[in-house]
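An overview of the molecular structure
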Amino acid sequence: CTVNTTVTVQQITMGAFTGTLDFATNDNNVTLQTFSGTGTGARVLNMGDGLWLLTSFNANVWDVTTGTNFTLNANASTLSFIPSSTPTGSINFVGGGKSYNTVTHSGVTNQQALVISGSPTIATFTITAPANVLFSVGTTTTISNAPSWTGTSTNQLFLGSGSTTGVATVVLSAAGGITQWAAIRGLTVTTNALMATNSFDLKGNTLVTITPPSTGGGARIISG
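Quick notes on the rules
- Residues numbered from 1 in each chain as written.
- Predicted model: local features only at pLDDT ≥ 70, side-chain atom pairs only at ≥ 80, totals over all residues.
- Heavy atoms only, no water.
- Helix = DSSP H or I, 4+ residues; strand = E, 2+ residues; numbered from the N terminus.
- Buried < 20%, exposed > 50% of the residue type's maximum accessible area, 1.4 Å probe, protein only.
- Contact = heavy atoms within 4.5 Å.
- Areas by Shrake-Rupley, 256 points an atom, 1.4 Å probe, with all protein chains shown as cover.
- Lys, Arg positive; Asp, Glu negative; His and termini not counted.
- Charge placed at Lys NZ, Arg CZ, Asp CG, Glu CD.
- Pairing = 2+ DSSP bridges.
- Polar contact = N/O pair within 3.5 Å; in protein donor to acceptor, adjacent residues only side chain to side chain.
- Phe/Tyr/Trp six-rings, centres within 6.5 Å; stacked < 30°, edge-to-face > 60°.
- Core = buried A, V, L, I, M, F, W, Y, C linked by side-chain atoms within 4.5 Å.
- Salt bridge = Lys/Arg side-chain N within 4 Å of Asp/Glu carboxyl O.
- pLDDT = per-residue confidence, 0-100.

For the protein chain, the count of helices and strands is 0 helices and 25 strands. With the principal axes as the frame, the protein chain shows a C-alpha extent of 55 × 35 × 30 Å. The 224 residues of the protein chain split such that 50% are buried. For the protein chain, the share of sequence-separated contacts (at least 6 apart) that also reach a separation of at least 24 residues comes to 50%. Total accessible area on the protein chain stands at roughly 9,100 Å², and carbon and sulfur atoms take up 50% of it. In the protein chain, 5 side chains carry a positive charge and 5 a negative one; their mean positions are 16 Å apart.

Structure (structure tokens):
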């Protein structure tokens, strides 16, 4: 199936699909609430170079829980998690061990979290404050390009594991990863260090160099 138009739908579900769903020939933009690629059918998704906008929350918004026989070609696509309204629950990105090109998550004012599981590999991961990003305990998320995650004194970031006691692993494949005005908890960073300035050490971190601010930032309530 080769798509040749801009797509706005509620959901794409292709777990039992056999064949190729191709957005790469025409590089279409796709807006949808949720995507499910979990299943066992011999299926291929070519995402193309367009924007994939995921607008839902309180659900597995991108779900590849079972990636058996699933080939995902991210091409030069951007996978963007921006809820269409104020979320009442987490925004779950279940990566299924697949590789993605650019993933973005924009500010959520009530601090509901983007929860990343399934050990994806992400070429470029962009976060716009205020935002919470939780990496699931016991998983490994690989980020190929050095991140630059910037908050402010009044719009901070929270980066951490999905547990107050467990840790999650983040592989930074390139040197030079930085963040500013972030609260960080339970992250084991490997390969290259994460440099965090004007930031807050909530403990349990490895290979994260945290420099606190000279004056305090505005208070935020962390969900998740």
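Continuing now.
What the 9 strands build is an open sheet, ordered β2-β5-β8-β11-β13-β15-β18-β21-β24; its pairing is parallel. Since the sheet does not close on itself, it has two edges, and those belong to β2 (11-13) and β24 (200-201), each with one partner. Pairing of strand β15 (residues 131-135) with strand β18 (residues 157-161) involves 5 bridges; the strand directions are parallel. By the bridge assignment for β18, Leu134 is matched with Gly160.

Looking now at the environment of Thr102. Looking at the element boundaries, Thr102 is found in strand β12 (residues 99-105). In the structure, Thr102 is positioned 25 residues away from Ser77 in sequence and 6.4 Å away in space, judged by C-alpha atoms. Filtering out sequence-adjacent residues up to four positions away, Thr102 remains in contact with Ser77, Thr78, Leu79 and Thr124. Engagement of the side chain of Thr102 in a polar contact is seen with the side chain of Asn101, the distance being 3.4 Å.

Cis rather than trans, the peptide bond between Ala129 and Pro130 has omega equal to 0 degrees. Its identity as a non-glycine residue notwithstanding, Asn75 has a phi of 50 degrees, on the positive side. Tracing the chain through its elements places Asn75 in the loop between β9 (70-73) and β10 (78-81). At Lys203, a residue that is not glycine, the phi angle is positive and equals roughly 80 degrees. Tracing the sequence through the fold places Lys203 in the loop between β24 and β25 (208-210).

What follows is about the packing of aromatic side chains. Under the definition given, this model contains 9 aromatic pairs. Members of the aromatic cluster, connected to one another through ring pairs, are Phe23, Phe35, Trp52, Trp62, Phe81, Phe93 and Tyr100.

Judged by nonpolar contacts, the single largest core of 50 residues is most densely connected at Leu45, Trp52, Trp62, Phe81, Phe93 and Phe125. Setting aside its immediate chain neighbours within four residues, Phe125 contacts Val103, Leu114, Ile116, Val133, Phe135, Ile143, Pro147 and Trp149. By size, the runner-up hydrophobic cluster in this structure holds 5 residues, among which are Ala113, Val115, Leu134 and Phe158.

Time to look at the pattern of salt bridges. Inspection of every chain in the model, using the stated rule, returns 1 salt bridge. Of the charged contacts in the structure, one is a salt bridge between Asp201 and Lys203, with a shortest N-O distance of 3.9 Å. Judged by its relative accessible area of 37%, Asp201 is partly exposed. Of the residues examined, Lys203 reaches a relative accessible area of 57% and is grouped as exposed.

Now for the confidence of the model for the protein chain. Taken as a whole, the protein chain shows an average pLDDT of 93; of its residues, 96% reach a score of 70 or greater. With pLDDT under 50 throughout, residues 219-224 is counted as low confidence; its partners more than four residues away or in other chains account for 17 contacts.

The next thing to look at is the side chain of Arg185. Within the secondary structure layout, Arg185 lies in strand β21 (residues 182-185). No salt bridge is formed by the buried Arg185, whose closest oppositely charged neighbour, Asp201, lies at an N-O distance of 9.8 Å. A distance of 2.8 Å separates the side chain of Arg185 from the backbone oxygen of Ser161, its partner in a polar contact. Ignoring sequence-local partners within four residues, the contact set of Arg185 consists of Leu134, Phe158, Leu159, Gly160, Ser161, Gly162, Ser163, Thr164, Leu202, Lys203 and Asn205.

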